[in-house]
Each structure stands twice: as structure tokens, then as C-alpha cells.
Amino acid sequence: MKIHLWGTDFRRSSADLRKKLSIGLPERSEKLNNLISLGFKDIVYLWTCNRVEFYTTAHDYFCDTRPLWLSVLKSFGLSEEDYYRGYHFEGKSALRHLMRVASSLESMVVGEPQILGQLKGALQFNRENNLPIDKHLEQCFYLSFETAKKVRTETAIAEKPVSVASLGLKYLEAMESEYPLKKAVVVGRGPISLMVLQWLKKNRSHCPIIWVNRNVEALTGYPEFQGVELQSLSDFLKGKTTFSHLFTS
């Protein structure tokens, strides 16, 4: 089996290191094409607040992809030492890991349902942007989706579906009588921040929202920016913004 992956997660690396590996949606297609030009056949990129992974198809069964992963890290401004702050799997081990990730067995909150959607989104991104993907790698992703569905159907893992974001929002609801939600600030554009924005728009539509990010223009590439006030992090840190609640992952 030619599937290989390199990745890192909350167990092995700091949030700062994972942030350096993040690729925003507006520049993601160009960046992945640049990575593929380093010598890869294909790359599927998964990024969450707690996990960053690159999946690829090796050129042959005996291919050593470590030099390629080192070149990827270098392109993000990282060192060879950072390679060892992650994990490299190939063949059956890579497929087993992919299935565990899809089934949320590797998540910070075991049983959370978001990771499956994020994996499907990663695969869909390649299709929509005409990025190459070998049929064998694609089949591995479909197998992981089927496995995750089977795990959620036949085990008790989904009896009380939770995530880091859902736990935080439940706490918000429990405290709202004491601390009314009048004006919210959401910092960053990671998956958890996007989930909070979506929840606020759906469940607290009366609440004004300010979305803060270092690069404000990057936020306009997301549909969540509609109907919210955008503000740069530098302006926000000047301390002139008033709010009742602040959300950051």
C-alpha cells in the first residue's frame, strides 16, 4: 500500500507549531500545488485546531518519503527537529491511523463528530480545486469514512456527541443568566472559531459579533464574515472595543 502521511497533533506539538503549518482557504490551493511540485504525486491536507496532517501516495512501495516531508517543513519555515514533533506512517499503519482519526479515536474529545466532516472537506477541496489525488489514496479516504460510520452506528461512542466547541458553548448557555450575551468577539479563523460563529448566528442572532484576526482580508474568504464586524488584531489590542464575551481557541 503506497499511502504515506506526516502529521502532528495536540499530544506531540504546541499550538504555535501547528499554527505555523496552517494554510488559509484563500491561499490553500496555490500552496498545495507548490508542495506537490517538491516531488509529490498528490497531497490531501487536513488542518484542525488540534491536528495537522498531510496525506500522499508514494511513487512506489519502497519509496522513502522522509526527505519530501523535510522539504515540506522547510517550506513552512520549520526545522528538521520539528519532523520529530510529529509522526510519519506508511502503508497499513497510515491507513489504520486515518481510520482512527475519522472515527474520532485520536481526537482530544473522543467521539466528537466534527473531524469526519473535516476529513471529507479536505478530500472535497482537492476535487473542487483540481488538485491531483491518486485513486488508491481516495479509496483509503472512502474506507475511513465507511469505518467511521460503522463505529458511530455499532458502538456507544456517539451517544453523547461533544467537541471542544460544544462544551464551551454549553458552558456559555449555563452562565448566560448571570452573564448575559450582549456583544461577542470571536478571535481567529480556525475550525473552532468558525463553529462558534455559526452557532452564534443561528442561536443568538440578536447578538452583535466582532470577528478579529491578524489579517482582516483573509476573513472575507469565508462565508461566516457576512453580517459581522471585522477588526484587525492590532486594532483590537488597543483596548477600545467593548464586548460582553470573548471566544478564542
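Quantities reported herein were computed from a predicted structural model and do not represent experimental measurements.

Enquirer: For this particular structure, what's the right way to read the nonpolar core?
Expert: The tendency in soluble globular proteins is for nonpolar side chains to be buried side by side. Ranked by internal contacts, the top residues of the largest apolar core, which has 22 residues, are L21, L32, F54 and F76. For this core, the secondary-structure elements that each account for two or more residues are α2 (25-36), β3 (51-57) and α3 (66-75). The greatest single-element share of this core, amounting to 5 residues, is contributed by α3. When near neighbours in sequence (up to four residues on either side) are disregarded, F54 contacts H4, L5, W6, L21, L35, I43, V44, Y45, W69, V72 and F76. Ranked by size, the runner-up nonpolar core spans 21 residues in total, among them L95, L116, F141 and A148.

Enquirer: Looking at this structure, how should I read the packing of helix α5 (residues 92-102) against helix α7 (residues 135-154)?
Expert: When two helices pack together, their arrangement is given by the angle between their axes and by how far apart the axes lie. Relative to each other, α5 and α7 sit at 45 degrees, their axes nearing to 8 Å. One way to sum up the angle between α5 and α7 is to call them oblique. Seen from above, α5 lies across α7 with right-handed handedness. Facing α5, whose interface residues are L95, L98, M99 and A102, α7 presents C140, F141, L143, S144, T147 and A148.

Enquirer: Just to check I follow, could you spell out the pattern of salt bridges for this structure?
Expert: Note that side chains of opposite charge can pair when their charged atoms are close. For the structure on display, the rule yields 15 salt bridges. Residues R51 and E53 are paired through a salt bridge, measuring 3.1 Å at the closest nitrogen-oxygen approach. The same class applies to R51 and to E53, which are both buried. Salt bridges sharing common partners tie together D9, R11, R12, R51, E53, R100 and E106.

Enquirer: I tried to follow the packing of aromatic side chains on my own but got confused; where do I start?
Expert: Here a ring pair, both rings aromatic, is described through the centre-centre distance and the interplanar angle of the planes. As enumerated under the stated definition, the model contains 10 aromatic pairs in all. Look at Y142 and F145: their rings are 6.1 Å apart centre to centre, the planes differ by 85 degrees, and that puts the pair in the edge-to-face class. In this pair, Y142 and F145 are both assigned in helix α7, 3 residues apart and thus about one turn of the helix distant. In this structure Y142 comes out as partly exposed when scored by relative accessible area, which is 37%. Given the relative accessible area of 11%, F145 is considered buried.

Enquirer: In this structure, what is going on with the sheet that holds β3? I would like to understand it.
Expert: What links the strands of a sheet is backbone hydrogen bonding, and the strands pair in either a parallel or an antiparallel sense. One open sheet accounts for 4 strands, arranged β2-β3-β1-β4; its pairing is antiparallel. Edge positions in the open sheet fall to β2 (44-47) and β4 (87-90), since each of these has one partner strand only. Direction aside, neighbouring strands of the sheet carry axes that sit 15 degrees apart on average. Bridging between strand β1 (residues 3-9) and β4 involves 4 bridges; their strand directions are antiparallel.

Cut-off values and rules
- Residues numbered from 1 in each chain as written.
- Predicted model: local features only at pLDDT ≥ 70, side-chain atom pairs only at ≥ 80, totals over all residues.
- Heavy atoms only, no water.
- Core = buried A, V, L, I, M, F, W, Y, C linked by side-chain atoms within 4.5 Å.
- Buried < 20%, exposed > 50% of the residue type's maximum accessible area, 1.4 Å probe, protein only.
- Helix = DSSP H or I, 4+ residues; strand = E, 2+ residues; numbered from the N terminus.
- Contact = heavy atoms within 4.5 Å.
- Axes fitted to C-alpha atoms, helices over the stretch in contact; angles between N-to-C directions.
- Parallel < 35°, antiparallel > 145°, perpendicular 65-115°, else oblique.
- Left-handed = near helix turned anticlockwise from the far one by under 90°.
- Salt bridge = Lys/Arg side-chain N within 4 Å of Asp/Glu carboxyl O.
- Phe/Tyr/Trp six-rings, centres within 6.5 Å; stacked < 30°, edge-to-face > 60°.
- Pairing = 2+ DSSP bridges.

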